[in-house]
Amino acid sequence: MTKNKSVLKWISNMKNLLNPAQVLFIDGTEEQLEKLRKEACKTGEIIKLNEEKLPGCYLHRTAINDVARVEDRTFICTSTRHEAGPTNNWRSPNEMYKLLYDIARNSYNNKTMYVIPYSMGPIGSPFSKIGVELTDSIYVVLNMAIMTRVGDNVWSALGESEDWVRGLHAKCNLDAEKRYICHFPQDKTIISVNSAYGGNVLLGKKCFALRIASYLGKKEGWLAEHMLILGIKNPKGEVKYIAAAFPSACGKTNLSMLIPPKEYLKRGYEVYCVGDDIAWLHIGKDGMLRAINPENGFFGVAPGTNEKSNPNALKTTKSKTIFTNVVHNLDDNTVWWEGLDKNPPENALDWKGTPWNGKTSDQKGAHPNSRFTSPAQNCPCISPEFDNPAGVPISAIIFGGRRANTMPLVYQAKDWNNGVFVGTIMSSETTAAAVGKVGVVRHDPMAMLPFCGYNMGEYFEHWINIGKKLGDKAPQIFNVNWFRTDEFGNFIWPGFGDNFRVLEWILKRCESKIAAQETPIGAVPNAKDINLAGLDINEDLLKKILDVDFKLWATELEDIKAFYKKFGDDLPIELKKELNNLENRLIKSI
Ligand code: GTP
Ligand code: SPV
Ligand code: MN
């Protein structure tokens, strides 16, 4: 429990509004969590899975209309529309507080109000931040207890401070028409109603660690980014860290815990995962850009995860995991999803809970955005630096999207400002992680389009300023694309573990060890410098995905111009210059 006056006052106000039958403070003990698991099993909210095969694992199904983030119902509620900027949905705080309180009023009737104190980042790190989430869902409590550091020690760390983020989640009746995910960055407040899907209700994740934190980062001089963090140990034992921003369901979890190809393993290379989704980046005392992962677990995409694509993720899910919207194999009380293996269960329930025979059904068994929630410490390659309060120093930043063409496998930006430009011109095909059409190419600067808590023009400027402060200690910036396709629509690059071959090139470029081919967009590898040993790809095919097609880039350029127009005077002059320079270089090359 806490004596913090600001916390107690808010809880008392919310209690009056929500009218719960009782209040339970989550203390972080295994005893309390186990009691809640048992209670949720009784009501059917979660299902206990096979204790021998999947110890401590549970299955949960969300409502059928509540399976992904809802971007068109996500709002940034700042005093002015301009503060939210042209890429966010905006509403005035007064209007939204009223609307949301009206929706949530008395909605905890006959229910328990759970109070979750949590820390984003290691408790006690100068870079960590504290939040309190109220919820009426045990599923949310159990997920938060995996995804964040939860418990009484958070109250101790907070003390009497008023510096904490308020999070109210109310399931209400899951009415999609009254579903709202709202952020009040100026009040450090989040309110989420009528949903029970992870990204909308685990308020420490996208709502706090990206939307609210990006706003705080702008004020306080740091960056909250949609980035994985990984470490690569070379045979000499030196470890270099890379942070990479890809949009939702575009490969962050996979890259963050990849296993290098055999011949690299033989030579002694190793990869460590520091984080798979979010990075908080500060300029450290040593002047380096340092990253912490504010989370404590993975909320990963299940489909496609298998022994070959991501063995570390698969091992991570073998205990203490909550599966959401996957197939329930009734024969042995385990789980299954598309792409796990070629042996789907016959006697099963699909993600909706209806009988499903994987051998005969033409319907998918798992939802494309079905997920696993697993503790970070389950991951076989979790970094020894995972809990380091000072974070890890970043040598390279990578941006990347899902593009069938235009973007080469990898290219390097000329310098920091050009690299920021490369981040801002990212586009990617939409995925099942958010409600809406899948496969539509859209602009997604820095993979932050749905997650930036303030005006994105100002966010771009903040990036430029961070580079000025870093000076010659700034990381090198790259762009990758694992998703180029051939004329039949098949991915050309094998991806997954073989992406290590590209990371190797990136680190060599950071150390100025190899030359590259200068193109109008940046430096592209000479084909001979990407190691293809052991791969079924020849240099000609590689050249095809390293190719920069000037015609396609001419179209891309017009697209970027149109996108940039949205920002008006908020677009930093540095980026206008970068755009002009790119245009001039392209014109010269055509
Ligand atoms: P969020 O959790 O939504 O932020 O997703 P993420 O960026 O962590 O993506 P994740 O690693 O879970 O991958 C999403 C999907 O992309 C999965 O179906 C993967 O199998 C697929 N994928 C990941 N990496 C690669 C790759 O290198 N090549 C190809 N072709 N597919 C990949
Ligand atoms: C994403 O969509 O980027 C995710 C999953 O990581 S969610 O928590 O739903 O945002
Ligand atoms: Mn994500």
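What you see is a predicted model, and the numbers here were worked out from it, not measured in a lab. (Residues numbered from 1 in each chain as written. Chains lettered and ligands numbered in written order. Predicted model: local features only at pLDDT ≥ 70, side-chain atom pairs only at ≥ 80, totals over all residues. Heavy atoms only, no water.)

A.B. asks: How should I be thinking about unusual backbone geometry in this particular structure?
C.D. replies: With glycine set apart, most residues show a phi of negative sign, and most peptide bonds adopt trans. The backbone phi angle of Lys 188 is positive, close to 50°, even though this residue is not glycine. Here Lys 188 lies in the loop between strand 9 (180-184) and strand 10 (189-193). You will see that Asn 194, though not glycine, has its phi angle at about 70°, which is positive. Along the polypeptide, Asn 194 turns up in the loop between strand 10 and helix 7 (198-201). For Asn 194, a relative accessible area of 0% translates into the label buried. (Helix = DSSP H or I, 4+ residues; strand = E, 2+ residues; numbered from the N terminus. Buried < 20%, exposed > 50% of the residue type's maximum accessible area, 1.4 Å probe, protein only.)

A.B. asks: What should I look at first to understand the site of ligand 1 in this one?
C.D. replies: As a structural note, the neighbourhood of ligand 1 is formed by 21 residues, with Ala 249, Lys 252, Thr 253, Asn 254 and Arg 371 the closest of them. Measuring from an oxygen atom of ligand 1, one finds a backbone N or O atom of Gly 251 at 2.9 Å. The separation between an oxygen atom of ligand 1 and a polar side-chain atom of Asp 277 is 3.1 Å. Calculation on ligand 1 without its partners gives an accessible area of 650 Å², and the protein chains cover 91% of this total. One can see that ligand 1 is located within the largest pocket. Put simply, the parts of the chain that give the shell around ligand 1 at least two residues each are helix 9 (252-256) and strand 17 (297-301). Examining the composition of the shell around ligand 1, we find that three residues originate from one element, helix 9, more than from any other. Its residues placed into classes, the shell around ligand 1 shows ten nonpolar, seven polar and four charged. Taken domain by domain, the makeup of the shell around ligand 1 includes at least three residues from each of domain 2 (225-297 + 383-589) and domain 3 (298-378). (Near = heavy atom within 4 Å. Polar contact = N/O pair within 3.5 Å; in protein donor to acceptor, adjacent residues only side chain to side chain. Areas by Shrake-Rupley, 256 points an atom, 1.4 Å probe, with all protein chains shown as cover. 1 Å grid on protein atoms, 1.4 Å probe; cavity = no way out; pocket = protein on both sides within 12 Å on 5 of 7 lines; lining within 4 Å. Sits in = over half its atoms within 2 Å of the grid points. Nonpolar A, V, L, I, M, F, W, Y, C, P; charged D, E, K, R; others polar. Domains from an automatic or database assignment.)

A.B. asks: What exactly am I supposed to notice about the domain arrangement of the chain here?
C.D. replies: When the parts of a complex come together, some accessible area is lost, and that lost area is often used as the size of the interface. Domain parsing of the chain yields domain 1 (5-44 + 70-219), domain 2 (225-297 + 383-589) and domain 3 (298-378). A straight line from the C-alpha centre of domain 1 to that of domain 2 covers 31 Å. With 35 residues of domain 1 at the contact, the number on the domain 2 side is 35 residues. Of the roughly 3100 Å² buried between domain 1 and domain 2, counting both surfaces, carbon and sulfur atoms make up 57%. In this structure, the connection of domain 1 to domain 2 is made through five salt bridges. Across the salt bridge formed by Arg 442 and Glu 71, the nearest N and O atoms sit 2.8 Å from each other. (Contact = heavy atoms within 4.5 Å. Buried area = accessible area lost by both parts, 1.4 Å probe. Salt bridge = Lys/Arg side-chain N within 4 Å of Asp/Glu carboxyl O.)

A.B. asks: It is not clear to me how empty space enclosed by the protein should be interpreted in this structure. Could you clarify?
C.D. replies: To find the voids left in a structure, one rolls a probe of water-molecule size over its atoms. Across all of its chains, the model carries three cavities of 30 Å³ or more by this definition. In this structure, the largest cavity occupies an estimated 120 Å³ of space. Lining the largest cavity we find 15 residues, and of these Pro 247, Ser 248, Thr 431, Arg 442 and Asp 444 sit closest to its centre. Broken down by class, the residue content of the lining of the largest cavity amounts to five nonpolar, five polar and five charged. Space inside the second largest cavity adds up to approximately 40 Å³. Lining the second largest cavity are Tyr 411, Asn 418, Phe 421, Val 422, Ile 425, Ile 521, Trp 553, Leu 582 and Arg 585. Counting residues per element, the ones that place at least two in the lining of the second largest cavity are helix 12 (416-424) and helix 17 (573-589). The dominant element in the lining of the second largest cavity, judged by the number of residues it contributes, is helix 12, at three residues. (Points joined across faces, edges and corners; volume = space filled by probe spheres on them.)

A.B. asks: How should I be thinking about the coordination of the manganese ion (ligand 3) in this particular structure?
C.D. replies: Working reference: metal with six octahedral donors, ideal angles 90 or 180 degrees; metal with four tetrahedral donors, ideal angle 109.5 degrees. Taken together, Lys 206 (NZ), His 226 (NE2) and Asp 277 (OD) make up the protein donors of the manganese ion (ligand 3), found 2.1 to 2.5 Å from the metal. Read N to C, the donor residues that coordinate the manganese ion (ligand 3) are spaced as K-x19-H-x50-D. In this pair, Lys 206 is assigned in helix 8 (residues 204-220) and Asp 277 in the loop between strand 14 (270-275) and strand 15 (279-283), connecting sequence segments 71 residues apart. In this pair, the class of Lys 206 matches that of Asp 277, namely buried. (Donors = N, O, S within 2.8 Å, 3.2 Å for Na, K, Ca; no water.)

A.B. asks: Even after reading the chapter, I still don't get helix 2 (residues 30-43), so can you show me in this structure?
C.D. replies: For helix 2, with 14 residues, the first-to-last C-alpha span of 20 Å sits near the 20 Å given by 1.5 Å per residue. In the core, the buried residues of helix 2 are packed alongside strand 1 (22-25), strand 3 (58-60), strand 5 (112-120) and helix 5 (138-147). Among the residues trailing helix 2, Gly 44 stands out with phi positive, at a value near 90°. (Expected span 1.5 Å × (residues − 1).)

A.B. asks: Sorry if this is basic, but what is going on with the packing of helix 2 against helix 5 here?
C.D. replies: Axis separation between helix 2 and helix 5 bottoms out at 10 Å; the angle between their running directions is 140°. Between helix 2 and helix 5 lies a crossing whose hand is left-handed. Note on element contacts: helix 5 touches helix 2 through Ile 138, Val 141, Leu 142 and Ala 145, opposite Leu 33, Leu 36, Arg 37, Glu 39 and Ala 40. Classifying every residue of the contact of helix 2 with helix 5 by side-chain character gives seven nonpolar, no polar and two charged. (Axes fitted to C-alpha atoms, helices over the stretch in contact; angles between N-to-C directions. Left-handed = near helix turned anticlockwise from the far one by under 90°.)

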